[in-house]
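Notes for the structure review
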Amino acid sequence: RALIRLSGAEDDKLEPILAKLLPLIFDELLTQTEAPLRAKIVNVLNHVLTRAKGNVTIKLPAQAIAERWFTPTLATSKAAPFFRNLSIIFMDI
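Below or above, wherever it landed, is the structure these notes cover.

So, how was this worked out
- Residues numbered from 1 in each chain as written.
- Predicted model: local features only at pLDDT ≥ 70, side-chain atom pairs only at ≥ 80, totals over all residues.
- Heavy atoms only, no water.
- Salt bridge = Lys/Arg side-chain N within 4 Å of Asp/Glu carboxyl O.
- Helix = DSSP H or I, 4+ residues; strand = E, 2+ residues; numbered from the N terminus.
- Buried < 20%, exposed > 50% of the residue type's maximum accessible area, 1.4 Å probe, protein only.

Remarks on the pattern of salt bridges
Enumeration according to the criterion identifies two salt bridges in this entry. Asp 11 is paired through a salt bridge with Arg 51; the nearest N and O atoms lie 2.6 Å apart. Here Asp 11 is found in helix H2 (residues 11-31), whereas its partner Arg 51 is found in helix H3 (residues 35-54), with 40 residues between them in sequence. Exposure remark for Arg 51: the relative accessible area of 16% places this residue in the buried category. Asp 27 is the salt-bridge partner of Arg 68, the closest N and O atoms lying 2.9 Å from each other. You can see Arg 68 sitting in the loop between helix H4 (62-67) and helix H5 (72-76) and its partner Asp 27 sitting in helix H2, a full 41 residues away along the chain.

Spelled out as structure tokens, the structure:
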């Protein structure tokens, strides 16, 4: 559902949506263990990444993503390495 809404959002309205959505998606990435749901999360992140790289005016919430590095969930999550790699990509844009 999030992917459909993101697909329909115009670039000039995307930044406030991502400011709220991306931190939640990264939180979900840390806690989600079911493969089909993780695949959907990755699809959403891939869509955001594609759009952000294609439009340099879109600012991603790097600070909110970086704050997830200091949560207790990261230390105990099996998805921590995957999370770290993806979050670095998003903070680098």
